[in-house]
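Coordinate inspection notes
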Amino acid sequence: MAVERSVEVSYSAFYSPSPEAIRKGLQAWHAALAQFDKAAHILEASGHPLKRGLIEFLRRPKRELIVNFPVQMDDGSIRMFTGYRVHHNAVRGPTKGGIRYHPDVTLEEVRALAMWMTWKCALVNIPYGGAKGGVAVDPAQLSPRELERLTRRYATEISLLMHPGGDVPAPDVGTNPQIMAWIMDTYSMHTGFTQPAVVTGKPLEIGGTMGRVEATGRGVMMVVAEALKVNRIPIEQATIAIQGFGNVGSYAALTAHQMGARVVAVSDVQGGLYNPKGLDIPKLMDHVRQRRTVVGFPEGEPISNAELLTLKVDVLIPAALENQITAENAPFIQARILAEGANGPTTPEADEILIEKGVFLIPDILCNAGGVIVSYFEWVQDLQSFFWTEEEINSRMERILKRAFYEVLAKEEELRRHGLKAGDYRTAAQALAIWRVAQATLIRGIYP
Ligand code: NAD
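On a predicted model such as this, the values are computed, not experimentally measured, just so you know.

As for the environment of Lys24
Along the chain, Lys24 falls in helix 2 (residues 19-45). For Lys24, a relative accessible area of 29% corresponds to the partly exposed category. Non-local contacts of Lys24, meaning those with residues more than four positions away in its chain, are made with Asp104 and Asn323. Only 2.7 Å separates the side chain of Lys24 from the side chain of Asp104, close enough to count as a polar contact.

Set out below in C-alpha cells:
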C-alpha cells in the first residue's frame, strides 16, 4: 500500500499542468476519439467494417514520451520544464508532426494532435505516420538564449525518438524556423555529421525549402478557392474573417489578398480588427512584424475574438487553437464556408450544429495539410540533396490538395447513401484516411 501511494504522489508532484490545461487537452483528445468512432461507424455501415482489434490499434498512440528537464536561466537559476513527443501511428511511414511551445501543452493535447497527423498524412496520401510534440512553456517569456537552451535540451531529451527515417518534427504554435535550426544542429552534433532531414521547416540556408513558411496558409487558401467554386461564390466578391494571425493566419490572409478576396477581420490573442472594405494585409503584416500584434493597426475598428467568429462573411478561417467553435457559439456562426486552418478548432457538438445549418466545413486534416505536404517536399529534397523551385513546390502542393479535396467530396456523396449526413465532410475525410491506414496495417500484417 505504501508503495502505491508514493507512486501517486510522485506523479502529480512532477507533472502538474493547470486544471484548465488538463480540461482543454482532454477535450481535444475526446474530440479526436469521437471523430474516429463516427468515421469507423460509417465505414461499417458502407460495407467496409474494421475488426474490433484493428479499431483498438488505430485509436491508440504507438508510443508516448514525457520528459522533465532543467534549463539554466539567464539569471543563473534553474527551471524545470515538461515536454512530450507522441507517435500515434507509423504504419505508412516515418512519423511526422509539429512541435508546440505553449503554456497549456499537455500529453492529452499532444496525443490528439498526433492522431490528427496520422489521418492528415493518409488523406493527402503522403508516406508518413502521425506524431506531435510540445513543451509546456510560454516562449515569449524567455530570452533568445533561454529559448535556445530549452530547445537544445528538449531536442536532446526526445532524440531517442527522432530520426530522419523514423520521426521528423516541424514547427507548430509558438515555434519557428530558428527553433527548427537549433533542433537540426543539436541532433547533428550528437550524431557527428549534418542531418538536415531530421526536421522540417528549417531556414533555407541549412536545407529548408522554398515556400515552407507560407505553405500552410497558402494551402488553406488553395482549398478555400475550390470550396468557393463549388459554392458558386466568385473569389473577388468573397469576404473572409481569420482568427489567429500567426504563421497560418497571416499567410492565409496574404494569399487571400493576392487572390483578390477581401479579408475584413483578423485577430490574435490580444484582440481583433474589423474593416468591411477589406484590410491591407501586406501593410498589416509590416505592423505585426514591428508590434507583434494586430492591435493598434490604424485602418480598422477593434473587434473581439467572439465577435469575429460570428461575423456575416463568406469564409471564416479559425487559425489559432483547438475548441474555438463550440455548442455555445456554433448556432451564431454566419459564415457560408468554415475553413479549419487550425487543428481541432471545432468540437464534435458544434460539428452537428454546423451540419444542420448547412455550413460548408472544410476539415482541418484537409484544409491545413499544405504545411505537412511542403514539409514532405523539404524532407525529400534534403534526402536527395537536390532542391526545387518555389513554382515546383506550389504547383505540386496544389495538385495534391485539389485531388484530396475532390476525393473528400466524392466520399461524402458515396457515404450519404449509407446514412452520412449531407455536408459531413469531416467524417468523409476521416473515413477515407482511416481506411487507408487500416489497409496498410492489414497488408503489413501484425508482428510477429
Ligand atoms: P502561431 O504560434 O504562429 O500563431 C498562433 C496565432 O494564434 C497567434 O497569432 C496567436 O496570437 C493567436 N491566438 C492564440 N490564442 C488565441 C485566441 N484565444 N484567440 C485568437 N487568437 C489566438 O501558430 P501557427 O503555426 O500559425 O498555428 C496555428 C494553428 O494552425 C494551430 O492549430 C496549429 O496546430 C495549426 N497548424 C499549423 C501548421 C504550421 O505549419 N505552422 C500546420 C498545420 C496546422
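Examining the packing of helix 2 against helix 15 (residues 425-444)
What describes two packed helices is the angle between their axes and the distance between those same axes. Between helix 2 and helix 15, the shortest axis-to-axis distance is 8 Å and the interhelical angle comes to 75°. As far as their axial angle goes, helix 15 and helix 2 are roughly perpendicular. Along the contact surface, helix 2 presents Gln35, Phe36, Lys38, Ala39, Ile42 and Leu43, while helix 15 presents Arg426, Thr427, Gln430, Ala431, Ile434 and Trp435. Along the lines of polarity and charge, the residues of the contact of helix 2 with helix 15 split into seven nonpolar, three polar and two charged.

Observations regarding the nonpolar core
With 97 residues, the main nonpolar core has Trp119, Ile317 and Ile362 as its most contacted residues. If sequence neighbours within four positions are ignored, Trp119 has contacts with Phe36, Leu58, His88, Ile365, Gln430, Ala433, Ile434 and Val437. In terms of nonpolar packing, the next biggest core, distinct from the first, is built from 26 residues, Val71, Tyr101, Leu150 and Ala155 among them.

Description of the pairing of strand 6 (residues 239-243)
Consecutive side chains along a regular strand alternate between the two faces of the sheet. Within strand 6, five of the five residues are buried, which leaves the element mostly enclosed by the surrounding structure. The two faces of strand 6 match: Thr239, Ala241 and Gln243 on one face and Ile240 and Ile242 on the other face are all buried. Sheet topology places strand 6 next to strand 7 (residues 262-268); five bridges connect them, and they run parallel. Within the sheet, the bridge partner assigned to Ile242 lies in strand 7 and is Val266. For strand 6 and strand 10 (residues 315-318), the ladder comprises four bridges, and the chain directions are parallel. Within strand 10, the position partnered with Ile240 by the bridge is Val315.

Quick look at the site of the ligand
Around the ligand sit 22 residues, and of these Asp172, Thr216, Asn247, Val248 and Asn343 come closest. Between the ligand and Gly246 there is a distance of 3.2 Å, counted from an oxygen atom to a backbone nitrogen or oxygen. Notes on the ligand: free accessible area 820 Å², of which the protein chains cover 84%. At the level of secondary structure, the elements contributing two or more residues to the shell around the ligand comprise helix 7 (212-230) and helix 8 (247-259). Among the residues making up the shell around the ligand, the classes are represented as eight nonpolar, ten polar and four charged.

As for the sheet that holds strand 7
Pairing is mixed across the open sheet formed by seven strands, whose spatial order is 9-8-7-6-10-11-12. In this open sheet, the two edge strands, each paired with only one partner strand, are strand 9 (301-303) and strand 12 (360-362). Pairs of neighbouring strands in the sheet enclose a mean axial angle of 20°, with direction left out of account. As paired strands, strand 7 and strand 8 (residues 271-274) are joined by four bridges and run antiparallel to one another. Each bridged residue has a counterpart across the sheet, and for Asp268 the counterpart in strand 8 is Gly271.

Re helix 2
Here helix 2 spans 39 Å end to end across 27 residues, near enough to the 39 Å set by a 1.5 Å rise per residue. After helix 2 finishes, the residue Gly47 shows a positive phi value of roughly 85°.

What about helix 6 (residues 177-191)?
Between its first and last C-alpha atoms helix 6 spans 21 Å; for 15 residues at 1.5 Å apiece the expected length is 21 Å, and the two agree. Ile179, Met180, Ala181, Trp182, Ile183, Met184, Thr186, Tyr187 and Ser188 are the residues of helix 6 that are buried. Contacts from the buried residues of helix 6 go to strand 3 (95-102), helix 5 (144-157) and strand 5 (167-171). A distance of 3.1 Å separates the backbone nitrogen of Gln178 from a side-chain oxygen at the start of helix 6, and that oxygen is part of Asn176.

Remarks on the packing of aromatic side chains
As enumerated under the stated definition, the model contains eleven aromatic pairs in all. Between Phe69 and Tyr154, the ring centres sit 6.3 Å apart and the planes meet at 35°, which makes this aromatic pair tilted. Here the residue Phe69 occupies a position in strand 1 (residues 63-72), and Tyr154 occupies one in helix 5, the gap between them amounting to 85 residues. Judged by centre distance (5.7 Å) and plane angle (85°), the ring pair of Tyr128 and Tyr376 falls under edge-to-face. Taken together, the residues Tyr128 in the loop between helix 4 (107-123) and strand 4 (129-136) and Tyr376 in helix 13 (residues 370-384) connect sequence positions 248 residues apart. In this structure, Tyr128 and Tyr376 share a single accessibility class: buried. Three or more aromatic residues joined by ring pairs form one cluster here, namely Tyr128, Tyr376, Phe377, Trp379 and Trp388. Against the face of Trp29 rests Arg111, its NZ or CZ located 5.3 Å from the ring centre.

Describing the pattern of salt bridges
Overall, the coordinates contain 34 salt bridges when judged by the stated rule. Taking the shortest distance from any N to any O, the salt bridge between Glu412 and Arg416 comes out at 2.9 Å. On the criterion of helical spacing, the pair formed by Glu412 and Arg416 is a turn pair, its members being four residues apart in helix 14 (residues 390-416). By relative accessible area, Arg416 is classed as partly exposed at 41%. What emerges from the salt-bridge pattern is a single network uniting Lys38, Glu352, Glu356, Lys421 and Asp424.

Calculation criteria
Residues numbered from 1 in each chain as written. Predicted model: local features only at pLDDT ≥ 70, side-chain atom pairs only at ≥ 80, totals over all residues. Heavy atoms only, no water. Helix = DSSP H or I, 4+ residues; strand = E, 2+ residues; numbered from the N terminus. Buried < 20%, exposed > 50% of the residue type's maximum accessible area, 1.4 Å probe, protein only. Contact = heavy atoms within 4.5 Å. Polar contact = N/O pair within 3.5 Å; in protein donor to acceptor, adjacent residues only side chain to side chain. Axes fitted to C-alpha atoms, helices over the stretch in contact; angles between N-to-C directions. Parallel < 35°, antiparallel > 145°, perpendicular 65-115°, else oblique. Nonpolar A, V, L, I, M, F, W, Y, C, P; charged D, E, K, R; others polar. Core = buried A, V, L, I, M, F, W, Y, C linked by side-chain atoms within 4.5 Å. Pairing = 2+ DSSP bridges. Near = heavy atom within 4 Å. Areas by Shrake-Rupley, 256 points an atom, 1.4 Å probe, with all protein chains shown as cover. Expected span 1.5 Å × (residues − 1). Phe/Tyr/Trp six-rings, centres within 6.5 Å; stacked < 30°, edge-to-face > 60°. Lys NZ or Arg CZ within 6 Å of the ring centre and 35° of its normal. Salt bridge = Lys/Arg side-chain N within 4 Å of Asp/Glu carboxyl O.

Function cannot be read off these values alone, since they describe shape.
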